[in-house]
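Listed here are the chains, written in short residue letters.
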Amino acid sequence: MAAKCSCRLQAFAHLQASQGKYHEAHSTYGPLPNNTKRRDSDGVLFFPDCPEKTTPTTAPLPPSTNHATIWPATPEKPARIGRKSMSRRSGQNGSIQKDGKWYVVRYWKDVPGQEKRVRVRAKICPISGPGKLSVSERERKAKEIIAASGVDTKEYFDRVVTQSKATVVTFRQQVETWLAGMRNRRSKPVAPSTLSGWESGLKNWLNPNLGDLPLEAVDNLALKKLVNKMVEGGLSASTICNYADVVKMVVASVINEKGDEVYPRKWNDAFINMPVINPRKQRTPSFTGDVVSGIVAAREYTYRDTKRNVDVKCELRDEHRMLFILSAASGLRFGEALGIEIPHVSADGSCIHICQKAWRGQMHDTKTRNGEREIDLHPSVANLLQEFIGERKSGLLFCTRTGRQLHQSNILRRVLHPILEELGQPKCGAHAFRRFRNTYLRNYTSTPPGVYRFWMGHASGKPERTGETMSDRYDKAEHERALRKEWAERAGLGFKLPRGFKPVQNRKLVQLRQQNCRFGPNGPKTEILAPPEMAASL
């Protein structure tokens, strides 16, 4: 406002003083007179040094660079200070409203990549009829809905809000880096089968629960919640401990330029409530001699073809029967047995050199350093093995009709499990053959410990856990081939070989199939030639 007289500057200064801006007016126009009045009885402005009364007008002031700034009556909304913080949130109870025929609760929810939260709703109960709730019950259920959504939890905040920072490395991102390092490391290389197990756990449990959390937030509390979910999911104690170890290794894999851990953790298993592995309660199925005898003597079995949804009746092939006999008579791991090549077998079939294992169409090193060893066979099994090899000089001992590697899963699903079902035995893996051989040598024979430990290829491990002594380390049974051969004959098999079993010379079978199968040079019109006893299964 301005006055139509020479005193308009003082009027403006007086107005500023009345709005709390006296210090600005004082510095610009000087002190105001003590007897300054704002209005007379008629509401007209006047000043003691002005002879006439002044009347207000709405005429705008001319532009000036000396006047003070007049603040607006309604101040603008102040800018947001700081960022979202979980520590400033006390939680929300939601707003219960009517929406159509339902009572709903509305609450705020953070959205990834968005600064402002959005308003979401969830149904509580119908307004009338069955299922209607009282006021207190609606309030209680509304709180339960909000709690179940997790929008007020730190985990959700970290997953949705904190991860938006470019500098934050999430658990899922670090997993990829960690897996690549484990595949390519030169010291203590990890077996592909072990990596496959880790990837399965990451896909089904770790990434869905921890994947979006920053690594800084993966601590004892986060691992405790994961362990509780795995326990509720029915996982065994051994599997839970293995998956928890993966979480610890991923967090510890982040290091700085000096090789020190970026996120050092002191894991507290008592706080995490980690389940204890009870060796007596672990599932370690093993066969008895009668069960092994029944498996190798089986003739026909029926398995379920899930693709065609039909039951298929088959005869037990000689290569499968010979594989089961060798596994039970030697204690080989299934992958080791499938990785045997013809040059690894001695001329008389009594000794096999184990130096590799088969896994998903590839060849890999043995599981441990002690896994590379020699297996001595009983003479009866050695004779069968000689007949099975025939005149072959190269290739895999057990292979498909085209000479390719057999797959463990197919043998278990299509052959071993149906035979066990026919015998009334529970389903189990091929490792039951290995446990049978170890149990038989230790408890039913007088085989020296150094000899059967060498055959089994067990890793020595820590002395306090395995009971290994210096005498065990000094034992050189691996160099006493004559001694091992003698004990292989004296120990026996522990099961009965099928009567009249003479394996087909696999060399001729493979040659016939390579020449006459649909993949051979004669084309798809030629018939597959095979022995009569195997025609039904080809």
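Structure's up top.
Here we summarise the structure given alongside this text. (Residues numbered from 1 in each chain as written. Predicted model: local features only at pLDDT ≥ 70, side-chain atom pairs only at ≥ 80, totals over all residues. Heavy atoms only, no water.)

**What about the packing of aromatic side chains?**
Step number 1: For the structure shown, the criterion picks out seven aromatic pairs.
Step number 2: Ring geometry for Phe 436 versus Tyr 440: centroids 6.3 Å apart, planes at 20°, classification stacked. One end of the pair, Phe 436, and the other, Tyr 440, are both in helix α15 (residues 431-443), four residues apart, so they sit about a helical turn from each other.
Step number 3: Of the aromatic side chains, those joined through ring pairs into one cluster are Phe 436, Tyr 440, Tyr 444 and Phe 495.
Step number 4: Taking NZ or CZ as reference, Lys 224 lies 4.5 Å from the ring centre of Phe 271, over its face. (Phe/Tyr/Trp six-rings, centres within 6.5 Å; stacked < 30°, edge-to-face > 60°. Helix = DSSP H or I, 4+ residues; strand = E, 2+ residues; numbered from the N terminus. Lys NZ or Arg CZ within 6 Å of the ring centre and 35° of its normal.)

**Some points on the sheet that holds strand β3 (residues 95-99)**
Step number 1: Taken in spatial order, the three strands line up as β3-β4-β5 in an open sheet, and their pairing is antiparallel. Bordering the open sheet on either side are β3 and β5 (118-126), each of which pairs with just one other strand. Between one strand and the next, the sheet's axes are offset by a mean angle of 35°, whatever the strand orientation.
Step number 2: As judged from the eight bridges shared by strand β4 (residues 102-109) and β5, these two strands associate in the antiparallel manner. Paired with Tyr 107 across the two strands is Val 120, which belongs to β5.
Step number 3: Packed on one face of the sheet, helix α3 (residues 135-149) meets β3, β4 and β5 and runs near 135° to β5. (Pairing = 2+ DSSP bridges. Axes fitted to C-alpha atoms, helices over the stretch in contact; angles between N-to-C directions. Contact = heavy atoms within 4.5 Å.)

**Some remarks on unusual backbone geometry**
Step number 1: Non-glycine residue Asn 273 carries a positive phi angle of around 65°.
Step number 2: Mapped onto the fold, Asn 273 is located in the loop between α9 (269-272) and α10 (289-297).

**Description of the pattern of salt bridges**
Two side chains bearing opposite charge may form a pair once their charged atoms approach each other closely.
Step number 1: The full count for this structure, using the stated rule, is 17 salt bridges.
Step number 2: A salt bridge links Arg 183 to Glu 199; the nearest nitrogen and oxygen atoms lie 2.5 Å apart. Taken together, the positions of Arg 183 in helix α5 (residues 171-184) and Glu 199 in helix α6 (residues 192-210) put the pair 16 residues apart, joining distant regions of the chain.
Step number 3: Judged by relative accessible area, which is 32%, Glu 199 ranks as partly exposed.
Step number 4: The closest approach of N and O atoms between Arg 317 and Glu 319, which form a salt bridge, is 4.0 Å.
Step number 5: Assessed through its relative accessible area of 23%, Arg 317 is described here as partly exposed.
Step number 6: Classification of Glu 319 as buried rests on a relative accessible area of 4%.
Step number 7: Salt bridges here are not isolated pairs; linked through shared partners, they connect Glu 374, Asp 376, Arg 481 and Arg 484. (Salt bridge = Lys/Arg side-chain N within 4 Å of Asp/Glu carboxyl O. Buried < 20%, exposed > 50% of the residue type's maximum accessible area, 1.4 Å probe, protein only.)

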